[in-house]
Amino acid sequence: MARLLVVSCTPKGPLSRTRRLLDAWLAKRRTADPALAVDEVDLVNTELPLVDGPVALAKGSVAAGSQLTPTQQRAWDAVTPWANEFLAADEVVIAAPMWNFSLPYPVKHYLDVVVQPGLLFRYTAQGPHGLCGGKPLTVVTTRGSAYADLPQVDFQTSYLRWLCEFIDCRYSEIVAEGLDARGPEAGEKILAGVIAGL
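All figures in this text were calculated on a predicted structure; none of them were measured in a lab.

A. Focus on the environment of Phe-101. Along the chain, Phe-101 turns up in the loop between strand 3 (91-95) and helix 4 (105-114). In this structure Phe-101 comes out as partly exposed when scored by relative accessible area, which is 40%. Taking the C-alpha atoms as reference points, Phe-101 and Val-7, separated by 94 residues in sequence, lie 19 Å from one another. Residues in contact with Phe-101, not counting those within four places in the same chain, are Tyr-147, Val-153, Asp-154, Phe-155 and Gln-156.

Okay, here's the thing in structure tokens:
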């Protein structure tokens, strides 16, 4: 049975256009694979561990192969379950709108928690090596404007594509964009079209 981990950040709940797109995509996946097991981390209602000084020091110690202090170990023990959950999934979906040309801050917080040395990647003599085994990572997102002709300001895609290369995930995306540029009716039509084409 395949396990799908959904990491969602949709603060508007059922009014969220990203949530609607995600739910439509999940419905299609469940129809194709009724045995699919779906676990969701709802970042709007989840308290993540802080990525603070002890975590940063623990990360450095792990990367260097050094012994962790008791304080570092406690900090490390707080982040590793989140990374292990990410690793255990056969596939990961990140569902979040574009905010200010990038990701909502809870998504970045989550990624800062899980992307840790010795867990999602390791350092080698040849450079960093991803440990996610090439698993699929799909981004489901909605955007008020369209960025096909403005890739230099689409920091959402560029960041997540590079992160996937770094940790060895296969990146794909489902995007409904330009939803605000021409008014709500036009935006609704665009979103409906993307959903119909899933």
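The discussion continues.
B. Spotlight on the pattern of salt bridges. The full count for this structure, using the stated rule, is nine salt bridges. In this structure, Arg-19 engages Glu-40 in a salt bridge whose closest nitrogen and oxygen atoms are separated by 2.7 Å. Here Glu-40 lies in strand 2 (residues 37-42) and Arg-19 lies in helix 1 (residues 17-32), a separation of 21 residues in the sequence. Residue Glu-40 is classed as partly exposed on the basis of its relative accessible area of 36%. Across the pair Arg-29 and Glu-91 runs a salt bridge, and its minimum N-O distance is 2.9 Å. Taken together, the residues span a long stretch of sequence, with Arg-29 in helix 1 and Glu-91 in strand 3 at a distance of 62 residues. Judged by relative accessible area, which is 22%, Arg-29 ranks as partly exposed. Here the salt bridges share partners, and the residues they tie into one network are Arg-19, Asp-23 and Glu-40.

C. Region of the structure containing the packing of helix 1 against helix 6 (residues 184-196). For the pair helix 1 and helix 6, the least separation of the axes is 10 Å and the interaxial angle reads 20°. Between helix 1 and helix 6, the angle falls in the class roughly parallel. Judged by the twist between their axes, the crossing of helix 1 over helix 6 is right-handed. Together, Arg-17, Arg-20, Leu-21 and Ala-24 of helix 1 and Glu-188, Leu-191, Val-194 and Ile-195 of helix 6 make up the contact between the two elements. Its residues assigned to classes, the contact of helix 1 with helix 6 comprises five nonpolar, no polar and three charged.

What counts as what
Residues numbered from 1 in each chain as written. Predicted model: local features only at pLDDT ≥ 70, side-chain atom pairs only at ≥ 80, totals over all residues. Heavy atoms only, no water. Helix = DSSP H or I, 4+ residues; strand = E, 2+ residues; numbered from the N terminus. Buried < 20%, exposed > 50% of the residue type's maximum accessible area, 1.4 Å probe, protein only. Contact = heavy atoms within 4.5 Å. Salt bridge = Lys/Arg side-chain N within 4 Å of Asp/Glu carboxyl O. Axes fitted to C-alpha atoms, helices over the stretch in contact; angles between N-to-C directions. Parallel < 35°, antiparallel > 145°, perpendicular 65-115°, else oblique. Left-handed = near helix turned anticlockwise from the far one by under 90°. Nonpolar A, V, L, I, M, F, W, Y, C, P; charged D, E, K, R; others polar.

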